[in-house]
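Below are the chains, spelled out letter by letter.
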Amino acid sequence: MIQSFLQYIRYEKNYSSHTVLSYQTDIEQLRDFIVTQKGGFDPKNLTSDELREWIIALMDVGEKPSSVKRKISAVRSFYKFLNLKNLTDNNPTLKIVAPKVPKSLPKFFYEKDLDNCLEVSEKNCNFEGVRNSLIIELIYQTGLRRSEVANLEDVNVDVINRQLKVLGKGNKERVVPFGRGLAEMIETYRAKREEEVKVNTTKFFVHQKGTALNPMHIYNVVRKLMGAVTTQEKRSPHVLRHTFATSLLNDGADVKAIKDLLGHETLAATQVYTHASFEQIKTIYQRTHPRGKSKEDTMEVRIQSIHFDATEKLQQFIEKKVNKLERISDELSTAEVILKVVKPETSENKEAKITVLAPNTEFFASKVCDTFEEAIDLCVEALEKQIKKAKEKK
């Protein structure tokens, strides 16, 4: 039954091989759990209670709510297939409620970071330097997924009409326009490629040896280049894709047009960017309008604890300490705090990283101490010095 389902979503539903593998992993994980608990697995007899036991076991070993929700979605699809093909009337997923996933706004890069990234990478004039600069600019100008960048056919990159023909999710084709500057970068890359590389693939982006780049290589290029100009944790091609969508929306683009450019199936997937833009508008209003900021309004402090849950007391301590930075400058908009236990076997293992955003700049500090409170204190002290120094230069 499982193999029939996988063939169905691959060849009839046109799901990507990556999605098929994810579904296979999730369903086989459920099967193995039931076999361990009950001695055998029969989809026709699986109960909602047994499915709940699996979900609880996943949560107990630390699976994120988003991952659990995805696994439940895979099982739902599996049973929809079984019902559709009349292989069983059973569907234990009907009584299952997926865990709530905390909503988070999309991360994006600042334009100055992208400019700095291209400025750094353009200094490297060899084939790889030219190619890597183009990867950054192409994703930023077109919003392509990393898999779409890797699978882009050379023949589908049209510099005359300045458009890309892209094969997206579900083998759905779309046409994405781009600007004159990107067209010039493409021509430079093609000239360099023809001069230095013996190409043995029809793909647009290639290695020095002539073989096609894979999605992971695209990921590594973006992460490495953006890591040289920004301190934010997430530096993936998907953040560049978010940046593309957010930039369009902030400049007045229609949400439906952005949906088509991104290749989203539904408008709901695109509307997350409207929330991001509203948050930006709200932040600007509160920071700049004379009636926008009340005494209770403070800088937004985002706290992320990795592999553990920060106590409410610790979060209150962090917010109080970080908000004191506003006494130095009223231009600070957001503080991002990341907490992590780096070496559990040592005493000094509590790491705190704080990034504070201000117009056209950001401040960063990182410390490792015996306690998170001590690490936060030292980070705030370092940030105070940076902010004061920046004010003196103005």
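The structure displayed is predicted, hence computed values, not measured ones.

Student: Describe the nonpolar core, with residues and values.
Tutor: With 47 residues, the main nonpolar core has Ile136 and Phe205 as its most contacted residues. When residues of this core are traced back to their parent elements, those giving at least two are helix 5 (111–121), helix 6 (127–142), helix 7 (146–150), strand 2 (163–167), helix 8 (180–196), helix 9 (215–227), helix 10 (237–250) and helix 11 (255–262). If one sorts the elements of this core by residue count, helix 6 sits on top with eight residues. The contact partners of Ile136, leaving out residues within four places of it in the chain, are Leu114, Cys117, Leu118, Val222, Leu225, Met226 and Leu240.

Student: Pulling in residues and values, what's your account of the side chain of Glu336?
Tutor: Relative to the helices and strands, Glu336 is located in strand 5 (residues 334–341). Here the side chain of Glu336 touches Arg302 through a polar contact of 3.3 Å, side chain to side chain. Here Glu336 is in contact with Lys107, Arg302, Lys353, Ile354 and Thr355, once residues within four sequence places are set aside.

Student: Can you lay out the packing of helix 1 (residues 2–12) against helix 4 (residues 65–84) for me, pointing to particular residues and giving the numbers?
Tutor: Two numbers describe how helix 1 lies on helix 4: the axes approach to 10 Å, and their chain directions differ by 95°. Between helix 1 and helix 4, the angle falls in the class roughly perpendicular. Residues Ile2, Ser4, Phe5 and Tyr8 of helix 1 pack against Ala74, Ser77, Phe78, Phe81 and Leu84 of helix 4. For the contact of helix 1 with helix 4, the class distribution of residues is seven nonpolar, two polar and no charged.

Student: Describe in detail the packing of aromatic side chains, supporting the description with residues and values.
Tutor: If you walk through the whole model with that rule in mind, you get eleven aromatic pairs. Seen in terms of ring centroids, Phe127 and Tyr189 are 5.7 Å apart; in terms of plane orientation they differ by 25°. Their pairing is stacked. On the criterion of sequence distance, the pair formed by Phe127 in helix 6 and Tyr189 in helix 8 is long-range, its members being 62 residues apart. A residue is classified by how much of its surface remains accessible, and Phe127, at 0% relative accessible area, is buried. What makes Tyr189 buried here is its relative accessible area of 0%. Ring plane angle 70° and centroid distance 4.7 Å describe the contact between Phe204 and Phe205, whose orientation is recorded as edge-to-face. By relative accessible area, which is 0% here, Phe204 ends up buried. A relative accessible area of 0% means that Phe205 is categorised as buried. Grouping aromatic residues by their ring pairs yields a cluster made of Phe5, Tyr8, Tyr15, Tyr23, Phe78, Tyr79 and Phe81.

What counts as what
- Residues numbered from 1 in each chain as written.
- Predicted model: local features only at pLDDT ≥ 70, side-chain atom pairs only at ≥ 80, totals over all residues.
- Heavy atoms only, no water.
- Core = buried A, V, L, I, M, F, W, Y, C linked by side-chain atoms within 4.5 Å.
- Buried < 20%, exposed > 50% of the residue type's maximum accessible area, 1.4 Å probe, protein only.
- Helix = DSSP H or I, 4+ residues; strand = E, 2+ residues; numbered from the N terminus.
- Contact = heavy atoms within 4.5 Å.
- Polar contact = N/O pair within 3.5 Å; in protein donor to acceptor, adjacent residues only side chain to side chain.
- Axes fitted to C-alpha atoms, helices over the stretch in contact; angles between N-to-C directions.
- Parallel < 35°, antiparallel > 145°, perpendicular 65-115°, else oblique.
- Nonpolar A, V, L, I, M, F, W, Y, C, P; charged D, E, K, R; others polar.
- Phe/Tyr/Trp six-rings, centres within 6.5 Å; stacked < 30°, edge-to-face > 60°.

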